[in-house]
Amino acid sequence: MDRTRTKDYNLGYMEAQIQPKVIINRREIEIAVQRLAALINKDYHDKKPVLVAVLKGAFIFLADLVRHIDLKLEVEFVCLSSYGQGRESTEEVKLVQGLCSDIRDRDVIIIEDIIDTGITTNFLLDYLNQQEPSSIKICALISKPSRRKVTIDINYLGFEIANRFLVGYGLDWAENFRHLPELCSIEDD
Ligand code: PRP
């Protein structure tokens with residue numbers, strides 16, 4: 001399969017010589033999202049979990065995932081940032097926007113687009129645990145285990161990938177490319 005998209009993604013980015021190349025296509029993402037939703041449906045069949053999505057990156061993943069979850073649930077958001085304009089974590093997580101609702105005694109599922117160093121998720125676990133939920137599980141679309149600096153136990157995982165910088169499906173490079181429907185690389189092979 002030719003995974004290189006040239007048609008849509010040339011728009012506005014050619015001057016920067018950046019051509020995102022598809023690494024995980026729409027169908028592969030859809031299958032993974034449905035698989036994760038099925039696991040959550042099974043594990044929480046008698047519960048009403050609170051899905052805490054981590055903005056900005058998780059906005060598309062959350063939107064697709066919840067439409068395959070057949071449970072009573074609530075959705076909450078936090079906005080965390082540690083990458084800024086670069087491709088490397090600053091290792092300093094900023095809580096841009098905290099929770100708006102009480103999660104005490106609730107079953108929480110963190111919804112992350114990507115877990116890289118693990119520093120963001122670790123920060124979020126500390127933040128959420130202070131509010132004494134009944135349980136916390138982690139659902140991530142992508143994990144890069146080779147980059148991990150903090151051990152994170154991921155309960156629901158879509159894809160494990162090697163160390164390459166991804167954009168699309170919510171993920172950005174300096175706020176660009178979040179809208180691409182596939183997961184793409186912007187690095188030369
Ligand atoms: C990205 C991503 C995760 C985090 C993972 O967020 O959405 O939240 O990095 O990286 P880590 O495991 O190395 O901490 P980012 O800080 O880029 O903010 P964004 O979601 O607004 O793009």
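Analysis parameters
- All residue numbers refer to position in the chain's written sequence, counted from 1.
- Where local features are concerned, this predicted model is filtered to residues with pLDDT of at least 70; where side-chain atom pairs are given and counted, the filter is 80 or more; whole-chain, interface and lining totals use all residues.
- Side-chain numbers come from the whole structure's heavy atoms, not from hydrogens or water.
- Each helix is a run of H or I in the DSSP string that is no shorter than four residues. Each strand is a run of E no shorter than two, and both are numbered from the N terminus.
- Whether a residue is buried, partly exposed or exposed follows from its accessible area with a 1.4 Å probe, protein chains only, as a fraction of its type maximum: under 20%, in between, or over 50%, in that order.
- Pairs of residues are marked as contacts when any of their non-hydrogen atoms sit within 4.5 Å.
- Residues are labelled near a given molecule or strand when at least one of their non-hydrogen atoms is within 4 Å of it.
- Definition of a polar contact: a pair of N or O atoms within 3.5 Å, with one able to donate and the other able to accept a hydrogen when the atoms are protein atoms, and with sequence-neighbouring residues admitted only if both atoms are side-chain atoms.
- Under the convention used here, a 1.4 Å probe and the Shrake-Rupley method define accessible areas, while residue burial counts only the protein chains that appear.
- The pairing criterion for strands is at least two bridges between them, as found by DSSP.
- All axes here are fitted lines through C-alpha atoms, helices being fitted over the stretch that makes contact, and every angle between N-to-C directions spans 0 to 180 degrees.
- Roughly parallel here means an angle under 35 degrees, roughly antiparallel means over 145, roughly perpendicular means 65 to 115, and every remaining angle is called oblique.
- Left-handed is the label given to a crossing in which the near helix is rotated counterclockwise from the far helix by less than a right angle, and right-handed is the label when the rotation is clockwise.
- Residue polarity follows a fixed list, in which Ala, Val, Leu, Ile, Met, Phe, Trp, Tyr, Cys and Pro are nonpolar, Asp, Glu, Lys and Arg are charged, and the others, Gly among them, are polar.

Peer 1: Explain unusual backbone geometry to me, using residue names and the numbers behind them.
Peer 2: Residue Lys 56 is reached from Leu 55 by a cis peptide bond, and omega for that bond is 5°. Tracing the backbone shows Lys 56 in the loop between strand E2 (50-55) and helix H2 (59-66). Although it is not a glycine, Glu 132 sits at a positive phi angle of roughly 55°. Tracing the chain through its elements places Glu 132 in the loop between helix H3 (119-129) and strand E6 (135-143). We classify Glu 132 as partly exposed; its relative accessible area is 46%.

Peer 1: Describe in detail H2, supporting the description with residues and values.
Peer 2: Within the span of H2, buried status applies to Ile 60, Phe 61, Leu 62 and Leu 65. Along its buried surface, H2 packs onto helix H1 (26-43), E2, strand E3 (74-81), strand E5 (107-115) and E6.

Peer 1: Any details on the site of the ligand? Residues and values, ideally.
Peer 2: Lining the immediate environment of the ligand, one finds 18 residues, of which Ser 82, Tyr 83, Glu 112, Thr 117 and Thr 120 sit closest. Here an oxygen atom of the ligand and a backbone polar atom of Ser 82 are 2.7 Å apart. The side chain of Thr 117 places a nitrogen or oxygen atom 2.5 Å from an oxygen atom of the ligand. For the ligand, whose accessible area on its own is 490 Å², the fraction buried by protein is 94%. Elements supplying a minimum of two residues to the shell around the ligand: E3, E5 and H3. A total of four residues in the shell around the ligand trace back to one element, the largest contributor, which is E5.

Peer 1: Which residues make up the sheet that holds strand E7 (residues 156-160), and what values do they have?
Peer 2: Paired through their backbone hydrogen bonds, the strands of a sheet run either parallel or antiparallel. As summarised here, the arrangement of the six strands in space is E4-E3-E2-E5-E6-E7, forming an open sheet in which the pairing is mixed. Pairing within the sheet leaves two strands with one partner each, and these edge strands are strand E4 (94-97) and E7. Each strand axis lies, on average, 25° off the axis of its neighbour in the sheet, ignoring direction. Relative to E7, E6 runs parallel, the two being bridged by four bridges. The residue of E7 that forms the bridge with Ile 142 is Phe 159. Contacts between H1 and the sheet are confined to E5, E6 and E7, with E7 contributing the most and set at about 160° to the helix. Across the face of the sheet, H2 comes into contact with E2, E3, E5 and E6 while running at roughly 130° to E5.

Peer 1: So what's going on with the sheet that holds strand E8 (residues 166-167)? Residues and values would help.
Peer 2: Strand order in the open sheet made by the three strands is E1-E9-E8, with antiparallel pairing throughout. Bordering the open sheet on either side are strand E1 (21-24) and E8, each of which pairs with just one other strand. Of the strand pairs in this sheet, E1 and strand E9 (residues 183-185) are connected by three bridges, and their pairing is antiparallel. Residue Lys 21 lies in a different strand from E9, and its bridge partner there is Ser 185.

Peer 1: Outline the packing of H1 against H2, supporting the account with residue identities and numerical values.
Peer 2: Where H1 contacts H2, the two axes come as close as 9 Å, and the packing angle between them is 60°. Here H1 lies oblique to H2, going by the angle between them. Here the hand of the crossing between H1 and H2 comes out right-handed. From H1, Val 33, Leu 36, Ala 37 and Ile 40 reach across to H2, where they touch Phe 61, Asp 64 and Leu 65. Residues belonging to the contact of H1 with H2 are distributed by class as follows: six nonpolar, no polar and one charged.

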